[in-house]
Every structure is written in C-alpha cells, then in structure tokens.
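# Structure assessment
So you can see what is in the structure, the chains are spelled out below.
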Amino acid sequence: MLPEGCDALFVISSIGKTQYFAVESREEAMTWVNSLRQMRQDAITRNMGHSKDIPYPDEWKSFDKSAKRLKDQKTRIKSRLDAMNRKEQEMQSLGGAGGGAA
C-alpha cells in the first residue's frame, strides 16, 4: 500500500540493501530512475578518467572521495574478517589433528 498522494514507486537495490521510494506518478519514478542511472554512469566515467573535458561541480569530488573511503573501509573489514576466519580454521584443524594423537 502506497502513502496517500503516491501512485508509483521505484526500488534501489545494492549489495545487501533494498530501498523503496514512493512518488506521485510513474513519470516521476522514471525521471528518478533515469537520473540515478545517469549519475552512476557519470561516476564511472569520472573514475575511469574519461571526463577530463567535462566540468563537474566541486561537491562531486567530495562525494566521490566519501564513497571511495567507504568502499576502502568495507574492503579492509572484509579482509580482516577473511584473515580471522582463516586463522580460526587453521586453529581448529591443528586442534583436531593434535587431539587424536594423545
């Protein structure tokens, strides 16, 4: 059921997260979706260095840096968790192997 005054919705999905947005019309939903797609493509183009001729607002550099910091943080956390899991598996295998020899 949509909120009063809203006749359409669009969904944004990313890894592990889905968000639903209610809007007044299907046209507004399509405008949001197309704008988000274009912004995503612009970010990819900037990150690849293919946008040197296109002026972008300085705020976007700040947004890009924030997104990169978040991505790097998630990568570091995942690496630490993987290392902890490997170490735990090694300890379990050593404990299991040593326990049968006694």
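See the structure printed just above.
Nothing here was measured: the structure is a model prediction, and the numbers come from that model. (Residues numbered from 1 in each chain as written. Predicted model: local features only at pLDDT ≥ 70, side-chain atom pairs only at ≥ 80, totals over all residues. Heavy atoms only, no water.)

### As for the overall build of the chain
Applied cut-off: A run of H or I in DSSP counts as a helix once it spans at least four residues, and a run of E counts as a strand once it spans at least two, with each numbered from the N terminus. Every residue pair with non-hydrogen atoms within 4.5 Å of one another is taken to be in contact. We get accessible surface area from the Shrake-Rupley algorithm with a probe of 1.4 Å; when it comes to residues, only the shown protein chains can shield them. Positive charges come from Lys and Arg, negative ones from Asp and Glu, while His and the chain ends are left out of the count. Throughout, a charge is located at the NZ atom of Lys, the CZ atom of Arg, the CG atom of Asp or the CD atom of Glu.
Helices and strands together make up the secondary structure of the chain, namely two helices and two strands. For the chain, the N- to C-terminal ordering of α and β elements is β-β-α-α. Here the C-alpha coordinates of the chain stretch approximately 75 × 45 × 15 Å along the principal axes. Partitioning the contacts of the chain with sequence separation of at least 6, the portion at a separation of at least 24 is 4%. Accessible surface, the chain as shown: approximately 9,100 Å² in total, 56% of it carbon and sulfur. Taken together, the 17 basic and 14 acidic charged side chains of the chain have centroids lying 11 Å from each other.

### Focus on the nonpolar core
Spelled out, the test is: In this text, buried Ala, Val, Leu, Ile, Met, Phe, Trp, Tyr and Cys residues form a nonpolar core when linked through side-chain atoms within 4.5 Å. Relative accessible area decides the class of each residue, using a 1.4 Å probe on protein chains only: under 20% of the type maximum gives buried, over 50% gives exposed, and in between gives partly exposed.
Core analysis: the biggest nonpolar cluster contains five residues, these being Ala8, Phe10, Val23, Ala29 and Val33. Listed by contribution, the elements that provide at least two residues to this core are β1 (8–14) and α1 (26–47).

### Re the environment of Asp72
Looking at the element boundaries, Asp72 is found in helix α2 (residues 58–99). Taking the C-alpha atoms as reference points, Asp72 and Asp42, separated by 30 residues in sequence, lie 20 Å from one another.

### Comments concerning the pairing of β1
The condition that has to hold: Strand pairing is assigned whenever DSSP identifies at least 2 bridges connecting the two strands.
Looking at chain direction, β1 and strand β2 (residues 17–23) are connected through seven bridges and run antiparallel. Within the sheet, the bridge partner assigned to Ala8 lies in β2 and is Val23. Between the antiparallel neighbours β1 and β2 lie two residues, among them Gly16 with a positive phi of about 75°.

### Topic: α1
To keep it simple, the criterion reads: For a helix, the expected span equals 1.5 Å multiplied by the residue count minus one.
Taking 1.5 Å as the rise per residue, α1 with 22 residues should run 32 Å; its terminal C-alpha atoms sit 32 Å apart, in good agreement. The complete set of buried residues in α1 reads Ala29, Val33, Asp42, Thr45 and Arg46. A positive backbone phi angle near 80° is found at Gly49, which sits one or two residues after α1.

### Some points on the environment of Asp64
So the rule is basically this: The term polar contact refers here to a pair of N or O atoms within 3.5 Å; inside protein, the definition further demands a hydrogen-donor-capable atom paired with an acceptor-capable atom, and it admits residues adjacent in sequence only when both atoms are side-chain atoms.
Structurally, Asp64 is set in helix α2. Along the sequence, Asp64 and Arg46 sit 18 residues apart, while their C-alpha atoms lie 9.2 Å from each other. Here Arg46 takes part through its side chain, which lies 2.8 Å from a polar atom of the side chain of Asp64.

### Digging into the side chain of Thr45
Counting through the fold element by element, Thr45 comes out in helix α1. Taking the relative accessible area as the measure of exposure, Thr45 reaches 18% and is therefore buried. Every residue in contact with Thr45, bar those within four places of it in the chain, is listed here: His50 and Ser51.

### Remarks on the layout of surface pockets
For the record, the criterion: With a 1 Å grid laid over protein atoms only, a set of points is called a cavity when a 1.4 Å probe fits there but cannot get out and a pocket when it is open yet has protein on both sides within 12 Å along at least five of seven lines; lining residues have an atom within 4 Å of a point. Grid points are joined across faces, edges and corners, and a volume is the space filled by probe spheres set on the points. In this classification, Asp, Glu, Lys and Arg are treated as charged, Ala, Val, Leu, Ile, Met, Phe, Trp, Tyr, Cys and Pro as nonpolar, and every other residue, Gly included, as polar.
Taken as a whole, the largest pocket spans an internal volume of roughly 1,500 Å³. Contributing to the lining of the largest pocket are 32 residues, with Ser14, Arg40, Ala43, Ala67 and Leu70 lying nearest its centre. At the level of secondary structure, the elements contributing two or more residues to the lining of the largest pocket comprise β1, β2, α1 and α2. For the lining of the largest pocket, the element with the most residues is α2, which contributes 11 residues. Tallied by class, the residues present in the lining of the largest pocket amount to 17 nonpolar, four polar and 11 charged.

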